[in-house]
Amino acid sequence: TQCGRLLLSLNPFGNPKRVADEDLRRYPVTCGSETELDSPPHVFTSAREALQGLLQSRPQCIVLTGESGSGKTECARLLRAYFGFH
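Residues numbered from 1 in each chain as written. Predicted model: local features only at pLDDT ≥ 70, side-chain atom pairs only at ≥ 80, totals over all residues. Heavy atoms only, no water.

## Some points on the overall build of the protein chain
Per the secondary structure count, the protein chain includes three helices and zero strands. Per-residue burial over the protein chain gives 23% buried out of 86 residues. By sequence separation, contacts in the protein chain at least 24 residues apart represent 57% of the contacts at least 6 residues apart. Carbon and sulfur atoms make up 54% of the accessible area of the protein chain, which amounts to about 6700 Å² in all. (Helix = DSSP H or I, 4+ residues; strand = E, 2+ residues; numbered from the N terminus. Buried < 20%, exposed > 50% of the residue type's maximum accessible area, 1.4 Å probe, protein only. Contact = heavy atoms within 4.5 Å. Areas by Shrake-Rupley, 256 points an atom, 1.4 Å probe, with all protein chains shown as cover.)

What follows is the structure in structure tokens.
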């Protein structure tokens, strides 16, 4: 079994800023022209890598886990926004 990149997200106990199209454009879907290390750790980086894998016919899985109030729903909302944008 192999595990890919892991993103640890911490809830700042505050309201996150609203995601705008300009935020989504910072994480374009590319065809391998950018290495994983060139991207800052962000939920959009994980979404981009998953989408790139799908485009290359590789199965993908994103697991959101945590305690109640840890931000799973917000993370899922950001993932949907990214996938809907691209």
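Past the structure itself, the notes keep going.
## So, the confidence of the model for the protein chain
Put simply, the protein chain has an average pLDDT of 79, and 74% of its residues get 70 or more. Taking the mean pLDDT of every element in the protein chain, the minimum, 76, falls on helix α1 (residues 21-25) and the maximum, 91, on helix α3 (residues 72-85). (pLDDT = per-residue confidence, 0-100.)

## Focus: the packing of aromatic side chains
Taken as a whole and assessed by the stated rule, the structure comprises two aromatic pairs. Seen from their ring centres, tyrosine 82 and phenylalanine 83 are 6.1 Å apart, and the 75° between their planes marks the pair as edge-to-face. Given the relative accessible area of 34%, phenylalanine 83 is considered partly exposed. Taken together, the ring pairs in this structure connect Phe44, Tyr82 and Phe83 into an aromatic cluster. (Phe/Tyr/Trp six-rings, centres within 6.5 Å; stacked < 30°, edge-to-face > 60°.)

## Considerations on α3
The end-to-end C-alpha separation of α3 is 20 Å, in line with the 20 Å expected for 14 residues at 1.5 Å each. If you check which residues of α3 are buried, you get Cys75, Ala76, Leu78, Leu79 and Tyr82. One side of α3 holds all its buried residues, which, seen down the axis, span an arc of 160°. Across α3 from its buried face, at more than 90 degrees, point the exposed residues Thr73, Arg80 and Gly84. Contacts made by the buried residues of α3 are with α1 and α2 (43-55). (Expected span 1.5 Å × (residues − 1). Arc of directions from axis to C-beta.)

## Here's the deal with the environment of phenylalanine 83
Its location among the elements puts phenylalanine 83 in helix α3. Excluding residues within four positions of it along the chain, phenylalanine 83 makes contact with Ala47, Leu51 and Ile62.

## Digging into a nonpolar patch on the surface
Taken together, Ile62, Leu64 and Phe83 make up a surface patch of nonpolar side chains, about 220 Å² in accessible area. Checked against the element boundaries, leucine 64 lands in the loop between α2 and α3. (Patch = residues over 30% accessible without salt bridge, like charges linked within 9 Å, V, L, I, M, F, W, Y side chains within 5 Å. Salt bridge = Lys/Arg side-chain N within 4 Å of Asp/Glu carboxyl O.)

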